[in-house]
Amino acid sequence: MLQLHSVSKDYTRRGKTVKALDDVTLQIAQGDFVSVVGPSGSGKSTLLLILGGMLSPAAGQVLVEGQSVYDLNSSRRAAFRKAKIGFVFQTFNLVPYLTALENVQIPLLLAGKSDDKQKATASSLLERLGLGDRLDHKPSELSVGQQQRVALARMLANDPKVILADEPTGNLDPDTSEGVLTFFEEVNREGRTIVMVTHDMRAARKARRTLRLENGRVHSDDAVPGGKEH
């Protein structure tokens, strides 16, 4: 499903070269749920962006469902990403002047779906996430946890096979975090592949497998002790 072959990525900071990823080779099977942990600056977010087709590596190859992502030109890569991959970020990136329903409609609009299809799909997803009575509320009228659930609904709008999540519980209280993680377990059971960057080891233990990055390299790749089988 997801493959990295000898992938490296360098940054230049204050005149010095920093290796964000250093010759990483990795395979993630379809339907897996992987947490990525490690200290700040270890390459976790870089790994996620490269997997998602949003940041070109300096060297190596990235494949999603057998497609070499960075052999595609920018427009074809964007279309591939839109069709295959859903993103969840610590910052929800909701459009403040749009309602919850309209925010979830955005990817459907960009995919060329009819207005009726957009509204039906967006309504169904929001109802699934317990926001059926908040369709017409703007982000400022929602709690932080509700805003994250709108972001989750929007992420699912195009029915992605792969979900990439960067600190999805970072801004949330424990109860709301638990709800988000339970939702990830549900969509993972539906067959979606999840890669989740997190500093929260409680969240990491929800995954089936944990990768630990240090200095741009995978230092361990293990089934999570006590991790859940779905």
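Residues numbered from 1 in each chain as written. Predicted model: local features only at pLDDT ≥ 70, side-chain atom pairs only at ≥ 80, totals over all residues. Heavy atoms only, no water.

Moving on to the overall build of the chain. In terms of regular secondary structure, the chain is built from 7 helices and 10 strands. Taken over the C-alpha trace, the chain has a radius of gyration of 18 Å; the compact-globule value for 230 residues is 17 Å, and the two agree within 12%. Seen through its C-alpha atoms, the chain measures out along the principal axes to roughly 50 × 40 × 40 Å. The long-range fraction of contacts in the chain, counting pairs at least 24 apart against all pairs at least 6 apart in sequence, stands at 67%. Just so you have it, the chain exposes about 10900 Å², and 47% of that area is on carbon and sulfur atoms. Taken together, the 30 basic and 27 acidic charged side chains of the chain have centroids lying 5 Å from each other. (Helix = DSSP H or I, 4+ residues; strand = E, 2+ residues; numbered from the N terminus. Rg over C-alpha atoms; globule rule 2.2 N^0.38 Å. Contact = heavy atoms within 4.5 Å. Areas by Shrake-Rupley, 256 points an atom, 1.4 Å probe, with all protein chains shown as cover. Lys, Arg positive; Asp, Glu negative; His and termini not counted. Charge placed at Lys NZ, Arg CZ, Asp CG, Glu CD.)

Counted under the stated rule, the structure contains 1 aromatic pair. Between Phe87 and Phe89, the aromatic rings sit 6.0 Å apart at their centres with planes inclined by 0°, giving stacked as the arrangement. Using a relative accessible area of 28% as the deciding quantity, one classes Phe89 as partly exposed. (Phe/Tyr/Trp six-rings, centres within 6.5 Å; stacked < 30°, edge-to-face > 60°. Buried < 20%, exposed > 50% of the residue type's maximum accessible area, 1.4 Å probe, protein only.)

This next bit is on the side chain of Gln148. With respect to the element layout, Gln148 can be found in helix α5 (residues 144-156). Ignoring sequence-local partners within four residues, the contact set of Gln148 consists of Val88, Phe89, Phe92, Pro168, Leu172 and Val180.

In this section: α5. Here α5 contains 13 residues, and its C-alpha end-to-end distance of 19 Å stays within 8% of the 18 Å for a straight helix at 1.5 Å per residue. The element α5 is extensively covered by neighbouring structure, given that 11 of its 13 residues are classed as buried. Among all positions in α5, only Gly145, Gln146, Gln147, Gln148, Val150, Ala151, Leu152, Ala153, Arg154, Met155 and Leu156 are buried. In this structure, the buried side of α5 is in contact with β6 (85-89), α3 (100-110), α4 (115-128), β7 (162-166) and α6 (174-189). (Expected span 1.5 Å × (residues − 1).)

Before going further, it helps to spend a moment on the environment of Ala79. Relative to the helices and strands, Ala79 is located in helix α2 (residues 74-84). A relative accessible area of 41% means that Ala79 is categorised as partly exposed. Along the chain, Ala79 and Ala111 lie 32 residues apart, while their C-alpha atoms are 9.1 Å from each other.

Limitation: the analysis is restricted to geometry and does not speak to function.
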